[in-house]
Amino acid sequence: MTDAAEAGAAWKVGVLFSQTGVTSAIESSQLNATLLAIDEINAGGGVLGRPVEPVVYDPASNPKQFRVLAERLLQVDRVRLIFGCYMSSTRKAVLPVVEAGRGLLFYPTLYEGFEYSPHCIYTGAAPNQNSLQLAKFLFEHYGNRFLLVGSNYVYPYESNRIMTDFVTQSRGTVVDEIYVPLNAGEDDFAKALKQADKARPDVIFSTVVGQSTAVFYEAYRKAGFDPATMPIASLTTSEAEVASMSAEVAEGHITAAPFFEVIATPAAKRFVAAFKRRAGSDAPVTAGAESAYFQVHLAAAALARAGTDEPEQIRQELRDAEFDAPQGRVRIDRENNHTYLWPRIARLDARGRFQIVWNPGVRVKPDPYCVSQSLDDWSADGLQQIRA
Ligand code: ACM
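Thresholds, definitions, all that
- Residues numbered from 1 in each chain as written.
- Predicted model: local features only at pLDDT ≥ 70, side-chain atom pairs only at ≥ 80, totals over all residues.
- Heavy atoms only, no water.
- Helix = DSSP H or I, 4+ residues; strand = E, 2+ residues; numbered from the N terminus.
- Rg over C-alpha atoms; globule rule 2.2 N^0.38 Å.
- Buried < 20%, exposed > 50% of the residue type's maximum accessible area, 1.4 Å probe, protein only.
- Contact = heavy atoms within 4.5 Å.
- Areas by Shrake-Rupley, 256 points an atom, 1.4 Å probe, with all protein chains shown as cover.
- Lys, Arg positive; Asp, Glu negative; His and termini not counted.
- Charge placed at Lys NZ, Arg CZ, Asp CG, Glu CD.
- Phe/Tyr/Trp six-rings, centres within 6.5 Å; stacked < 30°, edge-to-face > 60°.
- Lys NZ or Arg CZ within 6 Å of the ring centre and 35° of its normal.
- Disulfide = S-S within 2.5 Å.
- Pairing = 2+ DSSP bridges.
- Right-handed = clockwise from strand over helix to strand, strands pointing away.
- Axes fitted to C-alpha atoms, helices over the stretch in contact; angles between N-to-C directions.
- Parallel < 35°, antiparallel > 145°, perpendicular 65-115°, else oblique.
- Left-handed = near helix turned anticlockwise from the far one by under 90°.
- Nonpolar A, V, L, I, M, F, W, Y, C, P; charged D, E, K, R; others polar.

Caption draft 1: Layout of the overall build of the protein. From N to C terminus, the protein includes 14 helices and 15 strands. Relative to its length of 388 residues, the protein is compact, with a C-alpha radius of gyration of 20 Å against a globular reference of 21 Å. Seen through its principal axes, the protein has C-alpha atoms that stretch 65 × 45 × 40 Å. When the 388 residues of the protein are sorted by exposure, 60% land in the buried category. Counted over contacts in the protein with a minimum sequence separation of 6, partners at least 24 positions apart contribute 68%. Accessible area for the protein stands at about 14800 Å²; split by element, carbon and sulfur atoms hold 48% of it. Each charge sign in the protein was given a centre, from 38 positive and 45 negative side chains, and these centres are 2 Å apart.

Structure, rendered in structure tokens:
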């Protein structure tokens, strides 16, 4: 037990989401959702009668800053539990620090998979919970000739490797794989759009993140392409990135995620309303925010059961832990520290709002190393096996 807990003081937790820099829009949604969950917990009397106190820093979308601030949280602020990170480059910068400092990172973002740390709880989608479903949907509705365009860092490389596997399994073709800087401007997309014009793929799979997303979609529109026959499909184009596009630019493009702001279940509506009350009526609610929200509630329940924020005990309490999240009931997988989630696919409509176009109502077990899932498994039998 920490000194603070022994003294009956607040449970201090670290919060690391960028409020500035290239991914500040999506990370601000994750920050707001984290603070909303903490507010709710404190309004209900805290954890074992003690309030949860967030120690919040702005790592400015910069992996080095993330590492330095994680060190500060663990060594100076003496927190054990940290909620944070969007880009995989920032998670990879933070994780060795958290491991060495014997802390626990709660990571609420879709990522490339192929990772496990006993010091990390992964609550965003693994590739078998979004890439696989997106690939299958795109093959059925558009075709299997793909152009891959991504930001220049680890998540896009690895996500493209997985998507290339799926395309290859379907006997399709990757016509090209192009990377742009993280802060790409219009000119940086010229090569990708030229290639789209020349090779005429069925789909552009975008792993562009953050501010450059709107630049890319605008450049695509300006070049006169038609999303009805060659949409941009992405896992990283959320409500936060769409908020800086016009509806005309956004229309027709596709995203796969376990949560969208438009989900109309009572739990989703309650979450969206509470989020907007706290963050403002225009604040976009994203899948990353929803994971950020439910992971705090899961952590608080584990804290209450453990009576300590000692990471190993919290991790034990999180094995098979469930929570009625806005997306549906989620569960932490005891085998791999990832989360059972509810895949969905949405298309942006003429008002620039996501509309769900595929929602099988199936909770999918996380398989971060893609051990058991391939395109061939996406059958009724495969679904039965992964139905939780
Ligand atoms: C990501 O970098 N995991 C989006």
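That was the structure; now back to the text.
Caption draft 2: Spotlight on the packing of aromatic side chains. All told, the structure shown has 14 aromatic pairs when counted by the stated rule. Plain terms: the ring middles of Phe260 and Phe354 are 5.0 Å apart, the flat faces sit at 50° to each other, and that makes the pair tilted. You can see Phe260 sitting in the loop between strand E10 (254–257) and helix H11 (266–279) and its partner Phe354 sitting in strand E15 (residues 354–358), a full 94 residues away along the chain. Within the aromatic cluster, the residues linked to one another by ring pairs are Phe259, Phe271, Phe275 and Tyr293. Taking the ring centre of Phe114 as reference, the NZ or CZ of Arg161 above it sits at 4.8 Å. The ring of Tyr340 has Arg331 lying over it, and the distance from NZ or CZ to the ring centre is 4.4 Å.

Caption draft 3: Layout of the state of the cysteines. Under the definition given, this model contains zero disulfides. Sulfur of Cys85: no disulfide; nearest cysteine sulfur belongs to Cys120 and is 8.1 Å away. On the basis of relative accessibility, which here comes to 1%, the residue Cys85 falls in the buried class. Owing to a relative accessible area of 0%, Cys120 belongs among the buried residues under this scheme.

Caption draft 4: Fine view of the environment of Asn32. By the element assignment, Asn32 lies in helix H2 (residues 24–43). Taking the C-alpha atoms as reference, Asn32 lies 18 Å from Phe66; in sequence the two are 34 residues apart. If we ignore the near neighbours within four places in the chain, the residues touching Asn32 are Phe275, Arg278 and Ala279.

Caption draft 5: Examining the side chain of Ser159 more closely. Inspection of the secondary structure assignment puts Ser159 in helix H6 (residues 154–169). Exposure remark for Ser159: the relative accessible area of 2% places this residue in the buried category. Apart from residues no more than four positions distant in its own chain, Ser159 is found in contact with Glu112, Phe205, Thr207 and Leu235.

Caption draft 6: Geometry of the pairing of strand E7 (residues 173–180). Strand direction decides the pairing type here: strand E6 (residues 145–151) and E7, joined by seven bridges, are parallel. Note that in E7 the partner of Gly150 across the bridge is Tyr179. Once the chain exits E6 it traverses H6 before rejoining the sheet at E7, and the crossover so formed is right-handed.

Caption draft 7: Here's a closer look at the sheet that holds strand E12 (residues 328–332). Across the sheet, three strands lie side by side as E11-E12-E13; this open sheet has antiparallel pairing. This sheet does not close on itself; its edge strands, each paired only once, are strand E11 (322–325) and strand E13 (339–340). Looking at chain direction, E11 and E12 are connected through four bridges and run antiparallel. Bridge pairing in E12 links Ala325 to Gly328.

Caption draft 8: Spatial organisation of the packing of helix H3 (residues 63–75) against helix H4 (residues 88–100). Running from N to C, H3 and H4 cross one another at 30°; their axes reach a closest spacing of 8 Å. One element, H3, and the other, H4, form an angle in the roughly parallel class. The handedness of the crossing between H3 and H4 is right-handed. On H4, the residues touching Pro63, Phe66, Arg67, Ala70, Glu71 and Leu74 of H3 are Ser89, Thr90, Ala93, Val94, Val97 and Val98. Its residues assigned to classes, the contact of H3 with H4 shows eight nonpolar, two polar and two charged.

Caption draft 9: Just the packing of H2 against helix H12 (residues 287–306), in detail. It is the contact of H2 with H12, at a shortest axis distance of 7 Å, that shows an interaxial angle of 30°. Viewed along their axes, H2 and H12 adopt a mutual orientation that is roughly parallel. By crossing handedness, the relation of H2 to H12 is classed as right-handed. The residues of H12 that touch H2, namely those facing Ser29, Gln30, Ala33, Thr34, Leu36, Ala37, Ile38, Glu40 and Ile41, are Gly288, Ala289, Ala292, Tyr293, Val296, His297 and Ala300. Here the residues of the contact of H2 with H12 sort into ten nonpolar, five polar and one charged.

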